[in-house]
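# Structural characterization, general
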Amino acid sequence: MVIVDKSGVHRLEIRCCECPNAMSPDIQMFRHRFFPASFNRPKTVFTFRVLNDFLLDSLECGTSAMNYYSKLRRMTSSMFPHLVPDRYRELMRVARQWRQLKTMKWHGFGHRSDNPSTGELALFCPACPQPGINVLLSEDELLDDWKYTRSFVMDGNFKAEHLHPIKPFDEVWLSDGLGFMVGKDRYKMHLAEAADMVEKSSCNNHRAVNQANAARHKLESTGIGGVACARHGCFVPHSMVDFQKGERQMNMDYALCEASRHNMEGITRAVTFYDINCQYNKHFRVRVDRSRFLDMAPQLTIIPGIGLWHIHGHQDSCYVRYASNFIEGIGRIDGEIMETLWARLNLISPAAWGMSSPHRKECLDYQMNDSNFCKMIRMKRTLCRKYKLVRNGISESGKAFDRLDEAAPSHLKTEWLARERIAQSSRLNDPAAMDEYEINIKKAPSKKEIELRLLEESNARNAAPSRRSVATWISTGLAIEEAQIALLIEVRRIGRRSTETQRLDIAHQRDWLQGQIDGFAQSALTHLGEGFDADDEPEDLNVDILDDLDDDPADFTETSHTWTNSPELTVIPLPSNLGVDRCRRCMAEDLIPLEMSLREGQANDALHNLRIYLCNKAILFRTTVRQAKSQALKTQAWSQVTSVQQAVSLHASIYTKTRKQMMKLEPGQDQLQKYKPLLREQLKISTAVGDPNVRGQRNESLTWFWSVEVDLGGPDWTHAKFTESIGCGQRHYEIDGGKK
């Protein structure tokens, strides 16, 4: 006989017992841990050891039967492997039988005469609520508590393709519908009855919707889709379906309905996460009611959700309507765990591409069963680790919430709770009810808006000629200060190692700036009165040049071609530079609130531009810098980053100078709370801005200036306290009408 073992392929003489009461030869071989390739007159046997090794190689390495047997032939004869008997086809057939027998034994059918029913040859999650298994349930009792909510995640995988079988009439089904893949006959009847609608997404351009009807004629199956538990990542038995075209609703309807029937007697609440749930869930119940092959318990409420990674590609309104953060009782869950499960299946997808249909489904079932098994044996360690993290998180979140709660006006809290109850109760029939959770962003007034308002007020009250254009005069002074800061940064950047062209450009800028300062100083005599002397010796302009830690601070501190009377160091006669007491002596006290208002607009503009350039810098790092391959592209990418960083430093310096001048004008408490000091470490790119999906930032809070424009609904509801509740990278920030 030919004996195929883990050590190679051997030829040995075997004699079976031929006594009158002896067992048949095939049973004798089984007793000696040999699996015969045929049962009447076996000429080839496989040891149990080689079959177990092949299944393990297939699970962990995705090894095909052809590659595995080729390895055995080379182990037998490294010089002449082609002379070793070819038992590749026998291995494929025996491995299928061995896989089926082992699976039936593992699931308790080794010594039972009855046959397994739908999904009984599949493991499921031990931690998800299953009445009668891990949850006590009396007769006719319903479990409507949030603790007994089932969470499902749905997704499709287009790498698990399958060619049309060559001989479909010759296929032998060993476990049709007994594992994770659904039974073929009922599924085919459902597809034949279901309406094939050409869908178009009304949200953003979702590929799963717009390519749902993309057919590929060479393939029997373009991929698979199904359902897993969203919290622990275990495939749900008998809920995996084949795609005939794209990821159509009729396919996922069948998968979800089958998943909702698995050990859910008495459970009344389920949450589904699907990357196109904003489209898919609209008419789901209507499709279920119309079909004869879609069964779902009438008391089961399906709450739609979208994973936090996919939701960034949706419209802004989808966030509060479908994100897990706003689903009551769901806990901390991202709804994206299905993406990690496909990696195990993708190992065997190339080998299963040309298999027969039953063989392919058996391999997929076996792989999914092993995935669930690995989840099960590690469940204790995983849950303990998560419990420790969440126990610490409760304390931190509780403190943050207490700070929010203490600052919120009591009448607003009562109103918010009532509106929340209405939104949560109405979300199933009207997802737009969840828009109550939208953050109200009101763009802070710019310097131009404030100047326009001041001019209109001045004209309305018929101000004196010396006061009629004072707002424009102050605004001109603020613009001169900004030009001084920009020139000062440029002078310090180029240092003494400058070219003639650079020095000429600096000279032109200084000449223009000096003319602006001279004109502004002459106008000061009109607005500040006779008490002002333009020849007073003021202090030099003191500007804090802020730079990101990515840059070399020496670029800004290097000695440069600057002299004491340089126009970029000249202090212009604004009320904040004169001081409150001197303005009072000059009878120009009324200019102080005007400059304060314009300074607020200037600070708003600086922070607004700062947010834009920090976002641009983050995008450059995520796209241009990361994708640059050649040295030339890398040089160009870093040049763009440097340009953006210079803009960040400019607007940070303008804000710092503006806040310093505001402090001289005796600001109020609200202004002190709103306009905080800008620190160098706050200008680093946060992971929440640079990559909103990076791991480990769920509890990270954004710097205060990212939420300075949020409408907080009450005078005591401060911007700083609201920052802690915004979350990280889970909100689009509106900038100039676009999304960053």
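In what follows, the accompanying structure is described. Every value quoted in this text rests on a predicted model; they were computed, and no experiment measured them. (Residues numbered from 1 in each chain as written. Predicted model: local features only at pLDDT ≥ 70, side-chain atom pairs only at ≥ 80, totals over all residues. Heavy atoms only, no water.)

The subject of this paragraph is the overall build of the protein. When helices and strands are tallied, the protein shows 26 helices and 13 strands. Split into buried and exposed, the 740 residues of the protein put 48% on the buried side. Of the contacts formed within the protein by residues at least 6 apart in sequence, a portion of 74% connects residues at least 24 apart. For the protein, the exposed area adds up to about 38500 Å²; of that, 52% sits on carbon and sulfur atoms. (Helix = DSSP H or I, 4+ residues; strand = E, 2+ residues; numbered from the N terminus. Buried < 20%, exposed > 50% of the residue type's maximum accessible area, 1.4 Å probe, protein only. Contact = heavy atoms within 4.5 Å. Areas by Shrake-Rupley, 256 points an atom, 1.4 Å probe, with all protein chains shown as cover.)

To continue, consider a nonpolar patch on the surface. A contiguous nonpolar surface patch, about 370 Å² in accessible area, is contributed by M79, F80 and L83. With respect to the element layout, M79 can be found in the loop between α3 (65-76) and α4 (88-106). (Patch = residues over 30% accessible without salt bridge, like charges linked within 9 Å, V, L, I, M, F, W, Y side chains within 5 Å. Salt bridge = Lys/Arg side-chain N within 4 Å of Asp/Glu carboxyl O.)

A two-sided burial pattern is seen for strand β4 (residues 44-47), the buried positions comprising T44 and F46 on one face and V45 and T47 on the other. As judged from the 3 bridges shared by strand β1 (residues 2-5) and β4, these two strands associate in the parallel manner. Looking at the pairing, V2 lines up with T44 of β4. Here strand β3 (residues 34-36) pairs with β4 via 3 bridges, running antiparallel. Bridge pairing in β4 places F35 opposite F46. (Pairing = 2+ DSSP bridges.)

What follows covers unusual backbone geometry. Within the chain, H238 stands out as a residue other than glycine whose phi angle is a positive 55°. Using a relative accessible area of 9% as the deciding quantity, one classes H238 as buried. A positive phi angle is found at N263, which is not glycine, with a value near 55°. For N263, the position within the fold is in the loop between α7 (249-259) and β10 (269-274).

As a further point, take the packing of aromatic side chains. Counted by the stated rule, this structure contains 16 aromatic pairs. Ring geometry for F30 and F39: centres 6.5 Å apart, planes at 35°, overall tilted. Accessibility expressed as a relative area gives 26% for F30, which makes it partly exposed. Judged by its relative accessible area of 38%, F39 falls in the partly exposed class. (Phe/Tyr/Trp six-rings, centres within 6.5 Å; stacked < 30°, edge-to-face > 60°.)

Turning our eyes to something else, we now look at the sheet that holds strand β5 (residues 150-157). Read from one edge to the other, the open sheet built from 5 strands follows the order β9-β8-β5-β10-β11, with strand pairing classed as mixed. Since the sheet does not close on itself, it has two edges, and those belong to β9 (241-243) and β11 (301-305), each with one partner. Averaged over all pairs of adjacent strands, the angle between strand axes in this sheet comes to 25°, irrespective of strand direction. (Axes fitted to C-alpha atoms, helices over the stretch in contact; angles between N-to-C directions.)

Moving on to the side chain of S446. You can see S446 is positioned in the loop between α14 (410-426) and α15 (447-460). Note on S446: relative accessible area 12%, which makes it buried. Apart from the residues lying within four places of it in its own chain, the contact partners of S446 are G601 and D605.

The next point concerns a positive patch on the surface. Taken together, the side chains of R378, R381, R385 and K386 present a region of like positive charge at the surface. Tracing the backbone shows K386 in helix α13 (residues 379-407). The exposure class assigned to K386 is partly exposed, which follows from its relative accessible area of 38%. (Lys, Arg positive; Asp, Glu negative; His and termini not counted. Charge placed at Lys NZ, Arg CZ, Asp CG, Glu CD.)

As a further point, take the sheet that holds strand β2 (residues 8-11). Read from one edge of the open sheet, 4 strands run β2-β1-β4-β3, paired in mixed fashion. Two strands in the sheet have a free side with no partner beyond their single neighbour: β2 and β3. Along the sheet, successive strands turn relative to each other by an average axial angle of 25°, direction set aside. Across the sheet, helix α2 (residues 48-61) touches β1, β3 and β4, and the angle it forms with β4 is around 65°.

This brings us to helix α22 (residues 591-627). Helix length check: α22 (37 residues) gives 53 Å between terminal C-alpha atoms against 54 Å at 1.5 Å per residue, within 8%. Its maximal kink placed at L620, α22 deviates by approximately 40°. (Expected span 1.5 Å × (residues − 1). Bend = angle between axes of the 7 residues up to and from the residue.)

Another point: the nonpolar core. Core analysis: the biggest nonpolar cluster contains 55 residues, and W473, I474, L607, L610, Y655, L678 and F705 have the highest contact counts within it. For this core, the secondary structure elements donating two or more residues are α15, α17 (470-494), α18 (500-528), α21 (580-585), α22 and α23 (631-663). Sort the elements by how many residues they give to this core and α22 lands first, with 13 residues. Residues Y187, C229, I267 and V288 belong to the second largest nonpolar core, which totals 36 residues. (Core = buried A, V, L, I, M, F, W, Y, C linked by side-chain atoms within 4.5 Å.)

Another aspect to go through is the pattern of salt bridges. According to the stated counting rule, one finds 24 salt bridges in the structure shown. One network of salt bridges, in which partners are shared, links R186, E258, R261 and D295.

Next up on the list: the packing of α2 against α4. For the pair α2 and α4, interaxial distance at closest approach is 10 Å and the crossing angle is 85°. Between α2 and α4, the crossing angle belongs to the class labelled roughly perpendicular. On the side of α2, the interface is formed by F48, L51, N52, F54 and L55, while α4 contributes L91, V94, A95, W98, R99 and K102. Looking at the contact of α2 with α4, its residues break down into 8 nonpolar, 1 polar and 2 charged. (Parallel < 35°, antiparallel > 145°, perpendicular 65-115°, else oblique. Nonpolar A, V, L, I, M, F, W, Y, C, P; charged D, E, K, R; others polar.)

So yeah, pure geometry; function would need other evidence.
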